[in-house]
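# An overview of the molecular structure
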Amino acid sequence: MSPSDPRPHLRLPADAVTATVLIEVVRISGLPAGREAPYPGTVVAHWAGSRADDALALIDGLPGSERHRCGFAPGWGVRAYDDSLDAVLFEAAFCFTCHEVRMHGTVVPPGLATQFFDPDAPPSRSLLTLFRGAAP
């Protein structure tokens, strides 16, 4: 949030953003089996380098929103990896209907686990376009 824009915005774990070298884009097909389990779905793309950096910057600055409950049916998600590619730093699942993002992973503090974004804002529409463009 900048001084000229007092609205809250989505926040990613700062250390994870710095450490991320690869993002998997997932077309989510359901809810996870447990609280820390991955969201099931098909990995439709891998983004690295400037493409991953640009996507993280876009996500990290999504304009905030109020809660809109739909039952949380995320359609898209990202999984971020560091250079070891061993474990997921964080996973974020996006529901463009209820404006909710749920995150979990080894670097996600409780305060960032559930956040809300404005799905109609231009950055959110750009993110959705990126997701859709990644799918076959």
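Described below are features of the structure shown in this document. Going along each chain's sequence as written, the residues are numbered from 1 onward. Residues qualify for local features only when their pLDDT is at least 70, as the model is predicted, and side-chain atom pairs are given and counted only at 80 or more; totals for whole chains, interfaces and linings, by contrast, use all residues. Side-chain numbers here rest on the full set of heavy atoms in the structure, without hydrogens or water.

## Description of the pattern of salt bridges
- Between Lys or Arg on one side and Asp or Glu on the other, a salt bridge is scored when a side-chain nitrogen of the former is within 4 Å of a carboxyl oxygen of the latter. Considering all chains together, one arrives at three salt bridges under this definition.
- Linking Glu-91 and Arg-79 is a salt bridge whose minimum nitrogen-to-oxygen distance equals 3.2 Å. In this pair, Glu-91 is assigned in strand E4 (residues 88-95) and Arg-79 in strand E3 (residues 76-81), connecting sequence segments twelve residues apart.
- Residue Glu-91 is classed as buried on the basis of its relative accessible area, which comes to 4%.
- Any residue under 20% of the maximum accessible area for its type is buried, any over 50% is exposed, and the rest in between are partly exposed; the area is computed with a 1.4 Å probe on protein chains only. When its relative accessible area of 11% is taken as the criterion, Arg-79 is described as buried.
- Here Glu-100 makes a salt bridge to Arg-102, at a shortest N to O gap of 2.7 Å.
- By relative accessible area, Glu-100 is classed as buried at 1%.
- Residue Arg-102 is classed as partly exposed on the basis of its relative accessible area, which comes to 27%.
- Members of the salt-bridge network, linked through shared partners, are Glu-24, Arg-79 and Glu-91. In DSSP terms, a helix is any run of H or I states spanning at least four residues, a strand is any run of E spanning at least two, and both are numbered starting from the N terminus.

## Looking at helix H2 (residues 49-60)
- Between its terminal C-alpha atoms H2 stretches 17 Å, which fits the 16 Å expected from twelve residues at 1.5 Å a residue.
- Along H2, the positions that sit buried rather than exposed are Ala-52, Ala-55, Leu-56, Leu-58 and Ile-59. Viewed end-on, H2 has its buried residues packed into an arc of 160°, placing them on one side of the element. Residues of H2 that are exposed and point more than 90 degrees away from the buried face comprise Ser-50, Asp-54 and Ala-57.
- On the buried face of H2, the contacting elements are helix H1 (14-19), strand E1 (22-28), strand E2 (41-48), E3, E4 and helix H3 (122-134). The span expected for a helix works out to 1.5 Å for each residue beyond the first. Here the arc refers to the set of directions running from the helix axis out to each C-beta atom. Any two residues having at least one pair of non-hydrogen atoms within 4.5 Å are treated as being in contact.

## Some details on the pairing of E3
- Most of E3 sits inside the fold, with six of its six residues counted as buried.
- Side chains Trp-76, Val-78 and Ala-80 of E3 all project onto a buried face; the interleaved residues Gly-77, Arg-79 and Tyr-81 project onto the opposite face, where all are buried too.
- At least two bridges found by DSSP between two strands is the condition for calling them paired. Across six bridges, E1 lies against E3 in antiparallel orientation. Bridged to Glu-24 within E3 is Arg-79.
- Strand direction decides the pairing type here: E3 and E4, joined by six bridges, are antiparallel. Of the residues in E4, the one forming a bridge with Tyr-81 is Val-88.

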